[in-house]
Amino acid sequence: MKFRDIIGNEKAIEQVRRMVDSDHIPHALLFHGEPGVPKLALAMATAQYIHCTNRTGGDSCGMCPSCLQHQSMNHADTFFSYPITKKGEKPVSEDFGSEWKKFVESGVIAEDYEQWLTIIGNENAQPIIYASESDNIVRKMSLSAYTAKYKVLIMWQADKMNKECSNKLLKLIEEPEPDSIFLLTTDNVKAILPTIYSRTQRIELRKPSTQQIAEHLARTHGIDITEALAIAAPADGNVVLAMRNMDHSSEIHDFHQQFVALMRLAYMRDMAGLKAWSEAIAEYKREKSQRFLNYAARMVRENYIYNLHIGALNYETQEESQFSKNFARFITEENVERMLKLFSDAARDIRGNANAKIVLFDVAVRITILIKK
């Protein structure tokens, strides 16, 4: 992982770069920010930069033996700690080493916590970092660095440490070995033990802009920047959500077709067609139905904004924009808020296990009234 791979957060990167270049690296750094901000990516890029033997242009070279070892997750002086489910009497992160490698390789830029739950095979689990993990950390960090000047521990989701683990890690941070560096990340800085928090240097990461996320998607997935902007905009700076939207790009096309069908059937007041439409959407099952309703709400907003004739404010795919040319005039000040509330309430009801067919048919019938306003 290199600094250039991280989306946005140039100030945080520059702050880290200056620390490393001057060899004044705090023994404990805490990268924090909202969910969906690439904190783990910055921690990994920092570790690689620390160990790189041929730093170039303010970044790791990516070619020296240390960089290659980082990229294959085999660097002898870099250790990882992360929340897991219990496996055996003394659970440690290494019990899920292969799963962790798969998680990182699948896209550490996003560091999708829900994806981690899926990979470890328990989406309803509440992984934690156990006390036995702290014993493992103490053992590793008490050894001398093997190939580099510093050994580095990267702890992802440090707020998931249980109390005993936090207390043991505190002692290690208070009295670190001179060649030890701790890089902690968290989505929830308030859940970090206050005594650990006070002994770290904090670096807050901000949400990247829609433009920055879109440029990353266009560069890494080879898509048009207009399409990338349409995918990135609903994520509102959350890289995880943007990546999910990218994964569901074919789904977005399907959702658009269903949104168009709904509006056309509602305009024609085709009740039989609307009933068939609501049954088809109900077949999506609960999670996908909610995603569709969220998409429909976004399309209502985009079409309302379209009427302002300020292209820079619209984030639509070419397919969506083509439809908006003729449809946007039907979304006005008189109906936009009621439509948005209708889709929001429907998503809430389906999330609460209401009968999806009834909820969706009710949405369809109400749209026939609202679209005429």
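Residues numbered from 1 in each chain as written. Predicted model: local features only at pLDDT ≥ 70, side-chain atom pairs only at ≥ 80, totals over all residues. Heavy atoms only, no water.

Peer 1: Hey, could you run me through the pairing of strand β1 (residues 28-32) in this one?
Peer 2: The side chains of a regular strand alternate between the sheet's two faces. For β1, a buried count of 5 out of 5 residues is recorded, marking the element as mostly surrounded by other parts of the structure. For β1 and strand β4 (residues 180-186), the ladder comprises 5 bridges, and the chain directions are parallel. Residue pairing for β4: Leu30 is matched across the bridge by Leu184. Pairing of β1 with strand β5 (residues 201-204) involves 4 bridges; the strand directions are parallel. (Buried < 20%, exposed > 50% of the residue type's maximum accessible area, 1.4 Å probe, protein only. Helix = DSSP H or I, 4+ residues; strand = E, 2+ residues; numbered from the N terminus. Pairing = 2+ DSSP bridges.)

Peer 1: In this structure, what is going on with the packing of aromatic side chains? I would like to understand it.
Peer 2: The geometry of an aromatic ring pair is captured by two quantities: the separation of the ring centres and the angle between the planes. This structure, assessed with the given rule, holds 20 aromatic pairs. Note on Phe255 and Phe292: the rings are 5.6 Å apart at their centroids and 75° apart in plane angle, and the pair reads as edge-to-face. Of the two residues, Phe255 sits in helix α12 (residues 249-268) while Phe292 sits in helix α14 (residues 286-306), which places them 37 residues apart along the sequence. We classify Phe292 as buried; its relative accessible area is 0%. Ring centres of Phe259 and Phe323 lie 6.4 Å apart, and the angle between their planes is 85°; on these two criteria the pair is classed as edge-to-face. Pair noted here: Phe259 is in helix α12 and Phe323 is in helix α15 (residues 318-327), with a separation of 64 residues, a long-range link. Ring pairing ties together the aromatic residues Phe80, Tyr82, Trp100, Phe103, Tyr113, Trp116 and Trp156, which thus form one cluster. Here the guanidinium or amino end of Arg55 rests over the ring plane of Tyr49, the centre of that ring lying 4.9 Å away. In this structure, Lys288 is placed above the aromatic ring of Tyr284, and the distance from its NZ or CZ to the ring centre is 4.5 Å. (Phe/Tyr/Trp six-rings, centres within 6.5 Å; stacked < 30°, edge-to-face > 60°. Lys NZ or Arg CZ within 6 Å of the ring centre and 35° of its normal.)

Peer 1: Is there a simple way to explain the sheet that holds β4 in this structure?
Peer 2: Reading across from one edge, β2-β3-β4-β1-β5 is the order of the 5 strands in this open sheet, with parallel pairing throughout. Two strands close off the open sheet at either side, each with one partner strand: β2 (78-81) and β5. The mean inter-strand angle of the sheet, taken between neighbouring strand axes irrespective of direction, is 20°. Against the sheet, helix α2 (residues 39-51) contacts β1, β2, β3 (151-155) and β4, and its axis sits at roughly 165° relative to β4. Along the sheet face, helix α6 (residues 131-141) touches β2, β3 and β4 and points at about 160° away from the line of β3. (Axes fitted to C-alpha atoms, helices over the stretch in contact; angles between N-to-C directions. Contact = heavy atoms within 4.5 Å.)

Peer 1: I would appreciate a short explanation of the nonpolar core in the present structure.
Peer 2: Across soluble globular proteins, nonpolar side chains have a tendency to be buried as a group. One finds Phe31, Trp100, Trp116, Ile154 and Leu183 to be the most contacted residues of the largest nonpolar core, which totals 57 residues. The element contributing the most residues to this core is α2, with 9 residues. The contact partners of Trp116, leaving out residues within four places of it in the chain, are Tyr82, Pro83, Ile84, Phe96, Glu99, Trp100, Phe103 and Trp156. Counting 39 residues, the second-largest nonpolar core is a separate cluster that includes Met263, Leu342, Val363 and Ile371. (Core = buried A, V, L, I, M, F, W, Y, C linked by side-chain atoms within 4.5 Å.)

Peer 1: Before we go on, may I ask you to explain α14 in this structure?
Peer 2: For an α-helix, the turn length of 3.6 residues means that residues three or four places apart are oriented alike. Helix length check: α14 (21 residues) gives 30 Å between terminal C-alpha atoms against 30 Å at 1.5 Å per residue, within 8%. Among the residues of α14, Ser289, Gln290, Phe292, Leu293, Tyr295, Ala296, Ala297, Arg298, Met299, Val300, Glu302 and Asn303 are the ones counted as buried. (Expected span 1.5 Å × (residues − 1).)

Peer 1: Even after reading the chapter, I still don't get unusual backbone geometry, so can you show me in this structure?
Peer 2: Residues other than glycine predominantly adopt negative phi, and peptide bonds predominantly adopt the trans conformation. Phi at Asp23 takes a positive value of approximately 55°, unusual for a residue other than glycine. In this fold, Asp23 is placed in the loop between α1 (10-21) and β1.

Peer 1: Can you help me understand the pairing of β4 in this one?
Peer 2: With respect to burial, β4 is a largely interior element, 7 of its 7 residues being buried. Side chains Ser180, Phe182, Leu184 and Thr186 of β4 all project onto a buried face; the interleaved residues Ile181, Leu183 and Thr185 project onto the opposite face, where all are buried too. Here β3 pairs with β4 via 5 bridges, running parallel. The residue bridging Leu153 from the neighbouring strand is Phe182, located in β4. Once the chain exits β3 it traverses helix α7 (residues 163-174) before rejoining the sheet at β4, and the crossover so formed is right-handed. (Right-handed = clockwise from strand over helix to strand, strands pointing away.)

Peer 1: Even after reading the chapter, I still don't get the pattern of salt bridges, so can you show me in this structure?
Peer 2: If the charged atoms of two oppositely charged side chains come close together, the side chains can form a pair. Applying the stated criterion across every chain, the model contains 18 salt bridges. We note a salt bridge from Glu164 to Lys168, for which the minimum N-O separation is 3.8 Å. Here the residue Glu164 and the residue Lys168 both occupy positions in helix α7, the gap between them amounting to 4 residues, near one helical turn. Judged by relative accessible area, which is 30%, Lys168 ranks as partly exposed. We note a salt bridge from Asp362 to Arg366, for which the minimum N-O separation is 2.9 Å. Of this pair, Asp362 and Arg366 both sit in helix α17 (residues 356-370), separated by 4 residues, roughly a single helical turn. Residues participating in the shared-partner salt-bridge network are Lys341, Asp345, Arg348 and Asp349. (Salt bridge = Lys/Arg side-chain N within 4 Å of Asp/Glu carboxyl O.)

So far we have only geometry, and geometry alone does not tell us how the molecule works.
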